[in-house]
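Now for the letters of each chain:
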Amino acid sequence: MRFSELIPLTAAVTNLALTLFVLTRDLRSTLNRVYLLWGLSITVWNLGTFFLFSVQDEDAARFWSAFLHYGVIFLPVSLFHLSCLIAQVKLPRWLPVLYGWFGLLALANVLGVFTSGVRDVSYAYYSVAGPGFWAFVVSYVIVTTSTVFILYRKLATLQRLHRAQVKALLWANGRSEEHTSELQSLAYLVCRLLLEKK
């Protein structure tokens, strides 16, 4: 096993463990259940990436490419929902519609129009964007920008401790998803621990 394969595998195992740890703190908590969706999305993404680094044939790579995109598709909406809950922002009435939209993007993945195939780049397979992916990119930019904007506006109305928690969340949201899934998990855990000590 190459080192490049260990990175996403380690990330998948770590994110799954952290997600299950958070969930077991309170199974009935809406916050923890939304975190479950977000954490499982990251886990699926990382696990799919691991297999794209390790499979040897194109058919297997296509399967894992589609698999990892189920995780990627639900990252923006679950992070938006999670951010609103942590910042104690009133959830928008259109949140179910947003989940529905990302559900349609997942359906595009089922139908094979989210990606148009895979490409072998010698050390791994990479997904080739299809029409559904470009709709996702636009949605991702809108949802992520909205999340950062909502959190930034909320900062002015928060008490000092809660402001620090939302700043950590803002920082995590402002970074690239590609490099900071573990940082976002850590930021959430720190925020939760600070809230419990309140």
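Residues numbered from 1 in each chain as written. Predicted model: local features only at pLDDT ≥ 70, side-chain atom pairs only at ≥ 80, totals over all residues. Heavy atoms only, no water.

Quick word on the overall build of the protein chain
Right, on to step 1. Looking only at helices and strands, one finds 7 helices and 2 strands in the protein chain.
Right, on to step 2. From first element to last, N terminus to C terminus, the protein chain shows the α and β order α-α-α-α-β-β-α-α-α.
Right, on to step 3. When the 198 residues of the protein chain are sorted by exposure, 45% land in the buried category.
Right, on to step 4. Carbon and sulfur atoms form 66% of the exposed surface of the protein chain, whose accessible area is close to 10700 Å². (Helix = DSSP H or I, 4+ residues; strand = E, 2+ residues; numbered from the N terminus. Buried < 20%, exposed > 50% of the residue type's maximum accessible area, 1.4 Å probe, protein only. Areas by Shrake-Rupley, 256 points an atom, 1.4 Å probe, with all protein chains shown as cover.)

Focus: the nonpolar core
Proteins that are soluble and globular tend to have nonpolar side chains buried together.
Right, on to step 1. Counting 40 residues, the largest nonpolar core has Trp38, Leu82, Leu98 and Phe102 as the members making the most contacts within it.
Right, on to step 2. Contributions of two or more residues to this core are made by helix 1 (3-25), helix 2 (30-54), helix 3 (58-87), helix 4 (95-110), helix 5 (131-155) and helix 6 (160-174).
Right, on to step 3. Of all the elements, helix 3 adds the most residues to this core, at 13 residues.
Right, on to step 4. Discounting chain neighbours no more than four positions away, the residues touching Phe102 are Ile73, Phe74, Pro76, Val77, Phe136, Ser139 and Val143. (Core = buried A, V, L, I, M, F, W, Y, C linked by side-chain atoms within 4.5 Å. Contact = heavy atoms within 4.5 Å.)

Looking at helix 1
Right, on to step 1. Given a rise of 1.5 Å per residue, 23 residues ought to cover 33 Å, and the 33 Å separating the end C-alpha atoms of helix 1 matches this to within 8%.
Right, on to step 2. Among the residues of helix 1, Glu5, Pro8, Ala11, Ala12, Asn15, Leu18, Thr19, Val22 and Leu23 are the ones counted as buried. (Expected span 1.5 Å × (residues − 1).)

Observations regarding the environment of His81
Right, on to step 1. Summarising the element assignment, His81 is placed in helix 3.
Right, on to step 2. Considering only alpha carbons, one finds His81 and Tyr99, 18 residues apart in sequence, at a separation of 9.7 Å.
Right, on to step 3. Among residues more than four places away in sequence, those in contact with His81 are Val34, Leu91, Leu95 and Tyr99.

Quick look at the confidence of the model for the protein chain
As a general rule, the predicted coordinates of low-pLDDT regions are not to be interpreted in detail.
Right, on to step 1. Mean pLDDT over the protein chain stands at 86; residues scoring 70 or higher make up 87%.
Right, on to step 2. Across the protein chain, the element-wise mean pLDDT spans from 47 in helix 7 (residues 177-197) up to 97 in helix 4.
Right, on to step 3. Within the model, the stretch residues 176-180 combines pLDDT values under 50 with 8 contacts to residues more than four positions away or in other chains.
Right, on to step 4. In this model residues 186-198 is a low-confidence stretch, pLDDT under 50, and it forms 19 contacts with partners more than four residues away in sequence or in other chains. (pLDDT = per-residue confidence, 0-100.)

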